[in-house]
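So the chains spell out like this:
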Amino acid sequence: MPDAATMDKIVALCKRRGFIFASSEIYGGLGSTYDYGHYGVLLKTNVKNEWWRAMLQERDDIVALDSAILQHPRTWEASGHLAGFTDPMVDCRACGQRFRADHLQDLPCPRKPSKHPGDAEPCDLTETRDFNLMFETTMGPVEDSAATVYLRPETAQGIFVNFKNVLQFSRKKPPFGIAQVGKSFRNEITPGNFVFRTREFEQMEMEFFVPPDQAPEWYEFWKRARMDWYTDLGLRSDHLRLREHDPDELSHYSSGTADVEYLFPIGWSELEGIANRGDFDLTQHAEYSGEKLEYFDSQTKERYVPHVIEPAAGADRATLAFLADAYDEEEVDGEQRTVLKLHPRLAPVKVAVLPLVRKDGQPEVAREIVAALRGRMQTEYDEGGSIGKRYRRQDEIGTPFCLTVDHQTLDDRTVTVRERDTLAQARVAIDELPETLAARLAASWQSPKLAPA
Ligand code: GAP
């Protein structure tokens, strides 16, 4: 059966339910920037928390960092971004639009969408030029070239420039990692496909510093670990693959890079990159800063520049993949339901408490249940509209459990627990809800959309 998820349906659901919407909408929007509403914040926060959990809580060889977005401009000279972080672009003199020169065959001509830019009358493309993707701004009140700084285009460099600090304070020795989550900015020539490619986005990056001879084995380790992270969180394994870069695709510093790719509604596309960056970054920053960025092993008396394995993921792109993977449409009792079959750990709301009617003491009991649960899990109270409508609303935001308070509740202090995926309903005693629900949320879960093996 074809997958129900299309980009248009995901965008519509995200707007309808307040997950993600165009930024500055009342002013007509601002090219490819997006705002996250309540459920979008909860979902993306869960994605980031799961990443932190995998990096910090489940390991003892990685430490956290939160570096500044604005960094010394020499950072970007040393990293190579100032000279080389460019995309080839062309302008069309006829329509005034700008295009990625290497994406022309994938783009519609703005005047004649059935053609590509350059293929229709009166397209008039300029020669290809390199366009630096870094956003520039000025620091302080004087606008001269000495005050030019850049919004970081990746979080990674904030980690490299802090290598010495972390080494000093964390009491770690290679192999060890530094992890960071934060905003990055790229003046993409052709952003698009919703939050897949935007100009402002969040990254989840970890730089793992290893003795040089261990780099190949850690590269293999992190490729496997990162694939497992996505499948453990429910992404369908038949929609995920690892693609090793061809030698001519590799960055000048990389001896190996693989992309985790997901089968988005737009086709197979990069979700995350895992790179063996060698000693390029620490060597460059040592040269440009004059600081020694190396490790001295006091036992072996060996001094070396660690090599780096980098899993670099995007929080927005991962959120989009989880949404696309979860989106489903089904017919239930002759009615269509749209449902997000998200892993319960990612679901924005874990449990909704719904009094059947807004009287007879039911809202009071429902509020009592909310108070008992909310310290342990994200809980929502909803008394507005028919019970069917409220179930649909919770299905659309991916809530795994709905609790219905009804007439029987007042007699025997039980509620109906309705499961999102199976629609099974069972009565559970109010006193048992916190333990029962916590156990079910912690249980392993597999996407019901996964094709049987
Ligand atoms: N430090 C290495 C690095 O930044 P990258 O492949 O350019 O590598 C890593 O970026 C991840 O960041 C990508 O796999 C993607 O998930 C996310 N990302 C990159 N550019 C993005 C954009 N314009 N919009 C949304 N996410 C982006």
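Residues numbered from 1 in each chain as written. Predicted model: local features only at pLDDT ≥ 70, side-chain atom pairs only at ≥ 80, totals over all residues. Heavy atoms only, no water.

J.: Explain the sheet that holds strand β4 (residues 86-91) here, please?
T.: Strand pairing within a sheet occurs via backbone hydrogen bonds; the two strands may be parallel or antiparallel. Read across the sheet, 3 strands follow the order β5-β4-β6 without closing on themselves; strand pairing throughout is antiparallel. Two strands lie at the open edges of the sheet, namely β5 (98-100) and β6 (129-132), each paired on one side alone. Strand-to-strand, the axes of this sheet are offset by a mean angle of 50°, without reference to chain direction. Inspection of the sheet shows β4 paired to β5 by 3 bridges, in the antiparallel sense. Bridge pairing in β5 places Met 89 opposite Arg 100. (Pairing = 2+ DSSP bridges. Helix = DSSP H or I, 4+ residues; strand = E, 2+ residues; numbered from the N terminus. Axes fitted to C-alpha atoms, helices over the stretch in contact; angles between N-to-C directions.)

J.: Sorry if this is basic, but what is going on with the nonpolar core here?
T.: Within soluble globular proteins, side chains that are nonpolar tend to cluster in buried spots. Counting residues in hydrophobic clusters, the biggest one holds 58 residues, and the most contacted among them are Phe 19, Met 204, Trp 222, Trp 229, Tyr 230, Leu 271 and Phe 322. Sorting elements by how many residues they give to this core places helix α9 (residues 315-326) first, with 8 residues. Once residues lying within four places of it in the same chain are set aside, the contact partners of Met 204 are Val 47, Lys 48, Trp 51, Gln 180, Val 181, Trp 229, Pro 311, Ala 312, Ala 313, Gly 314, Ala 315 and Ala 318. Counting 19 residues, the second largest nonpolar core, distinct from the first, contains Val 351, Val 405, Val 415 and Leu 441. (Core = buried A, V, L, I, M, F, W, Y, C linked by side-chain atoms within 4.5 Å. Buried < 20%, exposed > 50% of the residue type's maximum accessible area, 1.4 Å probe, protein only. Contact = heavy atoms within 4.5 Å.)

J.: What is the right way to look at the sheet that holds strand β20 (residues 379-381) in this model?
T.: The strand order across the open sheet built from 5 strands is β20-β19-β21-β22-β23, with neighbouring strands paired in mixed fashion. Lying at the two open borders of the sheet, with one neighbouring strand each, are β20 and β23 (425-429). Within this sheet the neighbouring strands show an average axis-to-axis angle of 25°, counted without direction. Two elements, strand β19 (residues 351-355) and strand β21 (residues 401-405), share 5 bridges in a ladder whose sense is parallel. Pairing of Val 353 across the sheet is with Leu 403, part of β21. Across the sheet, helix α11 (residues 387-397) lies against β19, β20, β21, β22 (414-419) and β23, angled at about 170° from β19, the strand it touches most.

Keep in mind that these numbers describe shape and distance, not what the molecule does.
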